[in-house]
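Residue-level listing of the chains:
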Amino acid sequence: MSKTIIARFQPKPGKEQQVENTLREMVPQTRREPGCLRYDFFRTSDVSGGGFCLIERYTDQAAIEAHRATTHYIAYRASIMDLLSAPIDVAILEPLDSRDI
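Note that the structure is predicted; figures quoted are calculated from it, not measured. (Residues numbered from 1 in each chain as written. Predicted model: local features only at pLDDT ≥ 70, side-chain atom pairs only at ≥ 80, totals over all residues. Heavy atoms only, no water.)

## With respect to the packing of aromatic side chains
Working definition: an aromatic ring pair is given by the centre-to-centre distance plus the angle between the planes. Our working rule: For this analysis, a ring pair means two rings from Phe, Tyr or Trp (six-membered ring only for Trp) whose centres lie within 6.5 Å, classed as stacked if their planes differ by under 30 degrees, edge-to-face if by over 60, and tilted for the remaining angles. Under the scheme used here, helices are H or I runs from DSSP no shorter than 4 residues and strands are E runs no shorter than 2 residues, and both carry numbers assigned from the N terminus.
Inspection of every chain in the model, using the stated rule, returns 3 aromatic pairs. Ring centres of phenylalanine 41 and phenylalanine 52 lie 5.6 Å apart, and the angle between their planes is 25 degrees; on these two criteria the pair is classed as stacked. Residue phenylalanine 41 is located in strand S2 (residues 36-46), and its partner phenylalanine 52 is located in strand S3 (residues 49-58); the two are separated by 11 residues in the primary sequence. Measuring from ring centre to ring centre gives 5.4 Å for tyrosine 73 and tyrosine 76, while their planes differ by 65 degrees; the resulting arrangement is edge-to-face. Of this pair, tyrosine 73 and tyrosine 76 are both found in helix H3 (residues 71-80), 3 residues apart, which corresponds to roughly one turn of the helix.

Laid out in C-alpha cells, this is it:
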C-alpha cells in the first residue's frame, strides 16, 4: 500500500535561499526513483513564518527506505540541518480513505 510523507522545513533567518536550493536539487533526483509516485515541493506561509514543504508519495515502506539510502538523500540531510531553525517535521501517512491522483 502506498505511503505519503509530509516534510516541513523552517529555515534560519537569512538561510531561506540555501534551503530552497537544497530542496530543489532533491526534486528531479527523487522523482526518478523507481518507488517514487510523487515528490512535490511547496513554499509555506503560516503564523510561524515562511518555510518549505515536501509532499512525497511512495509505493510502499521499502521505497521510502530505498529513498533514504540514496546518495542524494544522504548528502541533502548532511547539508541542510545547519540551515534550519528547527528539526525537520516529518509525518508518514497511511491512507484510510484516499484516492490516488
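Structure shown, so let's carry the discussion forward.
## Comments concerning the layout of surface pockets
Stated precisely, the cut-off is as follows: Throughout, the protein atoms alone are placed on a 1 Å grid, and a set of points is a cavity if a 1.4 Å probe fits but cannot get out or a pocket if it is open with protein on both sides within 12 Å along at least five of seven lines; lining residues have an atom within 4 Å of a point. Grid points are joined across faces, edges and corners, and a volume is the space filled by probe spheres set on the points. Ten residue types, Ala, Val, Leu, Ile, Met, Phe, Trp, Tyr, Cys and Pro, are classed as nonpolar, four, Asp, Glu, Lys and Arg, as charged, and the remainder, Gly among them, as polar.
Of the voids in this model, the largest pocket is the one considered here, and its volume is about 210 Å³. As for the largest pocket, its lining consists of 13 residues, of which Thr4, Arg38, Ile55, Arg57 and Ser98 are closest to the centre. Residues belonging to the lining of the largest pocket are distributed by class as follows: 5 nonpolar, 2 polar and 6 charged.

## Description of helix H1 (residues 16-31)
Rule in force here: The span expected for a helix works out to 1.5 Å for each residue beyond the first. Burial classes: relative accessible area under 20% of the type maximum marks a residue as buried, over 50% as exposed, and values in between as partly exposed (1.4 Å probe, protein chains only). Each C-beta atom gives one direction from the helix axis, and the arc is the one those directions make.
The terminal C-alpha atoms of H1 lie 23 Å apart, and with 16 residues this matches the ideal 22 Å at 1.5 Å per residue to within 8%. Every buried residue of H1 is listed here: Val19, Glu20, Thr22, Leu23, Met26, Val27 and Thr30. Buried positions in H1, seen along its axis, are confined to an arc of 165 degrees and lie on one side of it.

## Structural notes on the packing of H1 against H3
Worth spelling out the cut-off: Under this scheme, a helix contributes an axis fitted over its contacting stretch, all axes are lines through C-alpha atoms, and angles between N-to-C directions fall in the 0 to 180 degree range. Comment on the angle field: the value is read as roughly parallel under 35 degrees, roughly antiparallel over 145, roughly perpendicular from 65 to 115, and oblique elsewhere. Should any heavy atoms of two residues lie within 4.5 Å, those residues are considered in contact.
Packing of H1 against H3 brings their axes to within 10 Å, and their N-to-C directions diverge by 170 degrees. By the criterion of interaxial angle, the relationship of H1 to H3 is roughly antiparallel. Contacts between H1 and H3 involve Val19, Thr22, Leu23, Met26, Gln29 and Thr30 from the former and His72, Tyr73, Tyr76, Ser79 and Ile80 from the latter. Here the contact of H1 with H3 is built from residues that sort into 6 nonpolar, 5 polar and no charged.

## What about the pattern of salt bridges?
This is how the line gets drawn: By salt bridge we mean one thing: a side-chain nitrogen of Lys or Arg within 4 Å of a carboxyl oxygen of Asp or Glu.
Inspection of every chain in the model, using the stated rule, returns 4 salt bridges. Arginine 43 is paired through a salt bridge with glutamate 20; the nearest N and O atoms lie 3.1 Å apart. Residue arginine 43 is found in strand S2, and its partner glutamate 20 is found in helix H1; the two are separated by 23 residues along the sequence. The exposure class of glutamate 20 is buried, given its relative accessible area of 10%. Between aspartate 40 and arginine 31 there is a salt bridge, with the nearest N and O atoms lying 3.5 Å from each other. What you see here is one network of salt bridges that share partners, running through Glu20, Arg24 and Arg43.

## Description of the nonpolar core
For clarity, the threshold we go by: Among buried residues, the Ala, Val, Leu, Ile, Met, Phe, Trp, Tyr and Cys ones that are joined through side-chain atoms within 4.5 Å form a nonpolar core.
With 20 residues, the main nonpolar core has Phe9, Val19, Leu23, Tyr76 and Ile80 as its most contacted residues. Secondary-structure elements contributing two or more residues to this core are strand S1 (3-9), H1, S2, S3, helix H2 (61-68) and H3. The biggest single contributor to this core is H1, with 4 residues. Non-local contacts of phenylalanine 9, meaning those with residues more than four positions away in its chain, are made with Val19, Leu23, Gly51, Phe52, Leu54, Tyr76, Ile80, Leu84 and Ile88.

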